[in-house]
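Structural characterization, general
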Amino acid sequence: MKKLFILIVICCVAGFSHAQHKRSHSGNPVFEGWYADPEGVVLDHRCWIFPTFSAPYDQQLHFDAFSSRDLVKWKKHPNVLTNKEVKWAKRAMWAPAVIQNHGMYYLFFSANDVHEGEIGGIGVAVSKKPQGPYKDALGKPLIQHIVNGAQPIDQFVFRDDDGTCYMYYGGWGHCNVVKLSADLLSLIPFDDGETYKEVTPEKYVEGPFMLKRNGKYYFMWSEGGWGLPNYCVSYAISDNPLGPFERIGTILAQDPNVATSAGHHSVVKGNGDDEWYIVYHRRPLGEKDANYRVTCIDKLEFDEKGLIRPVKITHEGVKKTKF
């Protein structure tokens, strides 16, 4: 009987692995678990996703990461950064953003749901590998104070074609942009002497993201309430990374037949000439808890005028591809 049981288990595992190998689409969600605010980025010919662990604030004390060569089969990398390595982070570790720089990997994150006068805000951790482990680079937040009304959360680092790195961030309905030093560990002023520039577009709430395509800057952000069905993503286009950003319209929203609360996204470039994927979180139908969020991927497409087509959120996800 014991041998029979072992044989059945082996067959089941083999069958599952074979099914995973034969899958033609990613499926949504792309991996198990409650995860939100996903940062999708291509590093070393793999697609990586660094999400927020979606749980009550006091339980958000670590980040996991996931990697894939084809958007179908994903490998989990647990605890790439924990609050044990960030002594000032006590809760609410949110929205990691990762960028490679001079052979090292820099993970920006926010912690503590900070308010004025409190310790917390946006920090940065460094590793020799994308899967970590990451170590706190500064021993304190890079940005802690409330500037222009923007809570220091939801940071995204964008490297322009000339090598300049900008960081867009902000909650509470306000968005700032700052310029990072060459080592990404400090802020440097803009040419006019300002360090923080507010670039808040109409209806902005949180979750900024920047994409450059054909010389145009596509600035995107989340609107609505993160715990509500009306959560969504809108965008603007500018000729300058500093804007102005005039809202064009919504590109990602709930579908009552698929899922609700679709938002806080990032965008990944595929191997094709104009191949793009939107990585985002949403809430499965029937789930009421605000923290029950899952990470999904669907196609992001542009029309002949360069405008972003509204995203169709799906259960199937995207086709198997290669990075």
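Here's what I pulled together on the structure shown here. Keep in mind the model is a prediction, meaning the values are calculated, not measured.

What the four strands build is an open sheet, ordered 14-15-16-17; its pairing is antiparallel. Each edge of the sheet is formed by a strand with only one pairing partner; in this case those strands are strand 14 (206-213) and strand 17 (247-252). Between one strand axis and the next, the sheet turns by 30 degrees as a mean value, whatever way the strands run. As defined by bridge partners, strand 14 adjoins strand 15 (residues 216-223) across six bridges and the pair is classed as antiparallel. Bridged to Met-210 within strand 15 is Phe-219.

On to the environment of Thr-164, then. Summarising the element assignment, Thr-164 is placed in the loop between strand 9 (156-159) and strand 10 (165-169). Considering only alpha carbons, one finds Thr-164 and Ala-182, 18 residues apart in sequence, at a separation of 8.0 Å. In contact with Thr-164, other than residues within four places in its own chain, are Phe-158, Arg-159 and Lys-179.

This part is about the layout of surface pockets. The computed volume of the largest pocket comes to approximately 490 Å³. What lines the largest pocket is a set of 21 residues, among which Val-41, Phe-156, Val-157, Phe-158 and Arg-159 lie closest to the centre. Among the elements of the structure, strand 1 (35-43), strand 5 (94-101), strand 9, strand 14 and strand 18 (259-269) are those that each provide at least two residues to the lining of the largest pocket. Ranked by residue count, the leading element in the lining of the largest pocket is strand 1, at five residues. Its residues assigned to classes, the lining of the largest pocket comprises 14 nonpolar, two polar and five charged.

The next point concerns the sheet that holds strand 1. A sheet is described by the order of its strands in space; here four strands give the open sequence 1-2-3-4, paired in antiparallel fashion. Pairing within the sheet leaves two strands with one partner each, and these edge strands are strand 1 and strand 4 (75-82). The sheet shows a mean angle of 25 degrees between the axes of neighbouring strands, direction not considered. When strand 2 (residues 46-53) meets strand 3 (residues 62-68), the two strands line up antiparallel, connected through three bridges. Within strand 3, the position partnered with Trp-48 by the bridge is Ser-67.

Time to look at the pairing of strand 14. Counting buried positions over the eight residues of strand 14 gives seven, a clear majority of the element. Hairpin connection from strand 14 to strand 15: two residues lie between these consecutive antiparallel strands, with Asn-214 at a positive phi of about 50 degrees.

What follows covers the side chain of Ser-127. Here Ser-127 shows up in strand 7 (residues 121-127). For Ser-127, the side chain forms a polar contact with the main-chain oxygen of Pro-133, separated by 3.2 Å. In contact with Ser-127, not counting residues within four places along its chain, are Met-104, Tyr-105, Gly-132, Pro-133 and Tyr-134.

Quick look at empty space enclosed by the protein now. For the coordinates displayed, the defined rule picks out one cavity of 30 Å³ or more. Counted as a void, the largest cavity has a volume near 100 Å³. Lining the largest cavity we find 15 residues, and of these Glu-39, Gln-155, Pro-208, His-264 and His-265 sit closest to its centre. When the residues that make up the lining of the largest cavity are grouped by side-chain class, the tally is seven nonpolar, five polar and three charged.

Right, let's get into the environment of Ser-67. Relative to the helices and strands, Ser-67 resides in strand 3. Along the primary structure Ser-67 and Gly-225 are separated by 158 residues, whereas in three dimensions their C-alpha atoms are 29 Å apart. In terms of polar contacts, Ser-67 uses its side chain to reach the side chain of His-77, at 2.7 Å.

Along the polypeptide, Arg-213 turns up in strand 14. In this structure Arg-213 touches Tyr-218, Asp-274, Trp-276, Phe-302 and Gly-306, once residues within four positions along its chain are discounted.

The next point concerns unusual backbone geometry. Note: most residues except glycine have negative phi, and most peptide bonds are trans. Residue Gly-132 is joined to Pro-133 through a cis peptide bond whose omega torsion reads 5 degrees. You can see Pro-133 is positioned in the loop between strand 7 and strand 8 (135-136). For the peptide bond that leads from Gly-243 to Pro-244, omega is 10 degrees, which places it in the cis range. Residue placement: Pro-244 occurs in the loop between strand 16 (232-238) and strand 17. Here Asn-79, not a glycine, exhibits a phi torsion of approximately 55 degrees, which is positive. By the secondary structure assignment, Asn-79 is in strand 4. Look at His-264: it is not a glycine, yet its phi comes out positive at around 35 degrees. Position of His-264 relative to the elements: it lies in strand 18. For His-264, a relative accessible area of 7% corresponds to the buried category.

The rules behind the values
Residues numbered from 1 in each chain as written. Predicted model: local features only at pLDDT ≥ 70, side-chain atom pairs only at ≥ 80, totals over all residues. Heavy atoms only, no water. Pairing = 2+ DSSP bridges. Helix = DSSP H or I, 4+ residues; strand = E, 2+ residues; numbered from the N terminus. Axes fitted to C-alpha atoms, helices over the stretch in contact; angles between N-to-C directions. Contact = heavy atoms within 4.5 Å. 1 Å grid on protein atoms, 1.4 Å probe; cavity = no way out; pocket = protein on both sides within 12 Å on 5 of 7 lines; lining within 4 Å. Points joined across faces, edges and corners; volume = space filled by probe spheres on them. Nonpolar A, V, L, I, M, F, W, Y, C, P; charged D, E, K, R; others polar. Buried < 20%, exposed > 50% of the residue type's maximum accessible area, 1.4 Å probe, protein only. Polar contact = N/O pair within 3.5 Å; in protein donor to acceptor, adjacent residues only side chain to side chain.

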